[in-house]
Amino acid sequence: MRTDSDGRDGRDGRGGSASWGVGGQGQGPDQGQGHDLRHHGDAEVRDDGSALVDLAVNVRAGTPPDWLRGRIAESLGGLAAYPDGRAARAAVAARHGLPVERVLLTSGAAEAFVLLARSLKVRHPVVVHPQFTEPEAALRDAGHTVDRVLLRPEEGFRLDPAVVPEDADLVVIGNPTNPTSVLHPAGLIAELARPGRTLVVDEAFMDAVPDEREALAERTDVPGLVVLRSLTKTWGLAGLRIGYVLAAPETVRELERAQPLWPVSTPALAAAEACMTPEALAEQARAALRVATDRAHLVAGLREFASDGAWVAEPAEGPFVLVSLPGAGAVRERLRRLGFAVRRGDTFPGLDGTWLRLAVRDRPTVNRFLQALDQAVSLTGGSGR
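Looking at an unreviewed UniProt entry, one finds the protein chain named Aminotransferase, with Streptomyces dioscori as its source organism. In its Cofactor (unreviewed entry) section, the UniProt entry covering the protein chain states "pyridoxal 5'-phosphate". Under the heading Sequence similarities (unreviewed entry), UniProt records this for the protein chain: "Belongs to the class-I pyridoxal-phosphate-dependent aminotransferase family."

Below is the structure:
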């Protein structure tokens, strides 16, 4: 089904349908043709939201750990010298079993989207939604006209490779996808690869998935594959900005030419190297298991609101959960008054104002949140329990 020029077919909520269509280039701060592509979870906890319990931002609570803070602090003695990324780049390559020529360090994964948008000569970019909005925003800012593929809620936001236009020469998809928490099978994503097509897979949250199953990061047999990783989520380094690209050497060189000199700071390089050690990877694996346990508790609690019309996108596999709830906007505002910040969903193409994204937190925090949600739903017309 072809959509209209804003990339929507008019049924963006739970009644949406898989579709694709041209999204115009747009002007001004809202270049999403009805969706604020520059709105992110941190907006919920700035200024008057700074004292709220944060379920809006997908950074793991209690991070960075003390040992990582120490490694970053030690690097400050070298700030007089220009950053040297060779050791960190080698550490990332070794962690994934790849040659260093396939690694590019970036100032967070967000920089990689800008580099891709400005460097690659593409005619027909397609972004699979709902997903992180920065890839589309970066493409639009670079002057591209972007097509959207909208995955259907009633199908669990699962990917059907057949809905991606065959002539797309750039396809962007998240795995696990923000905000749906869907983990697509690696083999299914690989089916999107074509000669002459760049396939960008955002794996910013893959390190929160036990065993990183369905990861494509170490694959070198998928033509045109570009994998993006971030260290800001699991390790709590959003303020430091560190991520990396894994791609064919010629793609890495092309992206590197678009970077400014010394794009990653010395402290960020120290953090990247530290997070690649066996000890750090073991801690990451333990954290992923805790996230899975805490997420199951959150999902079970949300299911109790089914009588109020709540619907959870399942199975959730990331460190966040997407839930549809009648009156979600009013519930979100009530939750703020009760001390909790959650992420609005209507800024994601393919979703509307009935959706909320909730970051996974520890069981005591989730229990307090569920109590607050019960109050918020009751106060906005829900049946309560």
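This is not the end of the story, as more comes after the structure.
> Requested: an account of the sheet that holds strand S13 (residues 355–359), with residues and values cited.
A sheet is described by the order of its strands in space; here five strands give the open sequence S2-S12-S13-S11-S10, paired in mixed fashion. At either end of the open sheet lies a strand with only one pairing partner, and these are strand S2 (53–55) and strand S10 (311–312). The sheet contact formed by strand S12 (residues 340–344) and S13 spans two bridges and is antiparallel. Considered in S13, the bridge of Arg 344 is made with Leu 356. Along the sheet, helix H8 (residues 278–303) makes contact with S10, strand S11 (320–324) and S13, crossing S11 at roughly 10°. Sheet strands touched by helix H10 (residues 363–379): S2, S12 and S13. Its angle to S12, the strand with the most contacts, is close to 80°.

> Outline the pairing of strand S8 (residues 225–230), supporting the account with residue identities and numerical values.
Remember that side chains alternate between the two faces of the sheet whenever the strand is regular. Across the six residues of S8, six count as buried, placing the element largely inside the fold. Alternating residues of S8 divide into Leu 225, Val 227 and Arg 229 and Val 226, Leu 228 and Ser 230, and every residue in both groups is buried. As judged from the four bridges shared by strand S7 (residues 198–202) and S8, these two strands associate in the parallel manner. By the bridge assignment, Leu 199 is partnered in S8 with Leu 225. Relative to strand S9 (residues 243–247), S8 runs antiparallel, the two being bridged by five bridges. Residue pairing in the sheet places Ser 230 in a bridge with Gly 243 of S9.

> Talk me through the UniProt feature "domain: Aminotransferase class I/classII large" (unreviewed entry) in the protein chain; I want residue IDs and the actual numbers.
The residues that UniProt annotates with the feature "domain: Aminotransferase class I/classII large" (unreviewed entry) are residues 53–373. The annotated region residues 53–373 carries 35% helix and 17% strand content, and the separation between its end C-alpha atoms amounts to 13 Å.

> Describe in detail the pattern of salt bridges, supporting the description with residues and values.
Under the criterion given, the structure shown has 18 salt bridges. Across the salt bridge formed by Arg 86 and Asp 84, the nearest N and O atoms sit 2.7 Å from each other. Judged by relative accessible area, Arg 86 falls into the exposed class, the value being 65%. Between Arg 229 and Glu 212 there is a salt bridge whose closest N-O contact spans 2.9 Å. Of this pair, Arg 229 sits in strand S8 while Glu 212 sits in the loop between S7 and S8, and the two are 17 residues apart along the sequence. Here Arg 229 and Glu 212 have matching classes, each one buried. Connected through shared salt-bridge partners, Glu 44, Arg 332, Glu 333 and Arg 336 make up one network.

> Explain unusual backbone geometry to me, using residue names and the numbers behind them.
Cis geometry marks the peptide bond from Asn 178 to Pro 179; its omega dihedral reads 20°. Positionally, Pro 179 belongs in the loop between strand S6 (170–174) and helix H5 (186–190). Residue Pro 315 is bonded to the preceding Glu 314 through a cis peptide linkage, with omega at 0°. For Glu 214, which is not a glycine, the phi torsion comes out positive at approximately 75°. With respect to the helices, strands and loops of the structure, Glu 214 is situated in the loop between S7 and S8.

> Which residues make up the domain arrangement of the protein chain, and what values do they have?
Looking at the protein chain, the domain boundaries give domain 1 (41–61 + 281–376) and domain 2 (66–278). If you average the C-alpha positions of domain 1 and of domain 2, the two centres end up 24 Å apart. Tallying the contact residues gives 27 residues for domain 1 and 35 residues for domain 2. In total, about 2600 Å² of surface goes out of reach between domain 1 and domain 2, with carbon and sulfur atoms giving 63% of it. Connecting domain 1 to domain 2 are one salt bridge. For Glu 317, the salt bridge goes to Arg 213, with nearest N and O atoms at 2.6 Å.

> Run through the environment of Trp 262, naming residues and quoting values.
Within the element layout of this structure, Trp 262 appears in the loop between helix H6 (249–258) and helix H7 (266–274). On the basis of relative accessible area, Trp 262 is assigned to the partly exposed category, the value being 44%. Between the alpha carbons of Trp 262 and Gln 284 there is a distance of 28 Å; along the sequence they are 22 residues apart. In this structure Trp 262 touches Tyr 82 and Pro 83, once residues within four positions along its chain are discounted.

> Describe the environment of Asn 175, listing the residues and the values that go with them.
Its location among the elements puts Asn 175 in the loop between S6 and H5. For Asn 175, a relative accessible area of 0% corresponds to the buried category. Put simply, Asn 175 and Leu 231 are 56 residues apart on the chain and 15 Å apart in space, counted from C-alpha to C-alpha. Setting aside residues no more than four positions away along its own chain, Asn 175 makes contact with Val 182, Leu 183, His 184, Ile 189, Val 201, Asp 202, Glu 203, Met 206 and Glu 214. Here the side chain of Asn 175 touches His 184 through a polar contact of 2.5 Å, landing on its backbone nitrogen.

Thresholds applied
- Residues numbered from 1 in each chain as written.
- Predicted model: local features only at pLDDT ≥ 70, side-chain atom pairs only at ≥ 80, totals over all residues.
- Heavy atoms only, no water.
- UniProt positions renumbered as here; feature names shortened; annotations may be inferred.
- Pairing = 2+ DSSP bridges.
- Helix = DSSP H or I, 4+ residues; strand = E, 2+ residues; numbered from the N terminus.
- Contact = heavy atoms within 4.5 Å.
- Axes fitted to C-alpha atoms, helices over the stretch in contact; angles between N-to-C directions.
- Buried < 20%, exposed > 50% of the residue type's maximum accessible area, 1.4 Å probe, protein only.
- Salt bridge = Lys/Arg side-chain N within 4 Å of Asp/Glu carboxyl O.
- Domains from an automatic or database assignment.
- Buried area = accessible area lost by both parts, 1.4 Å probe.
- Polar contact = N/O pair within 3.5 Å; in protein donor to acceptor, adjacent residues only side chain to side chain.

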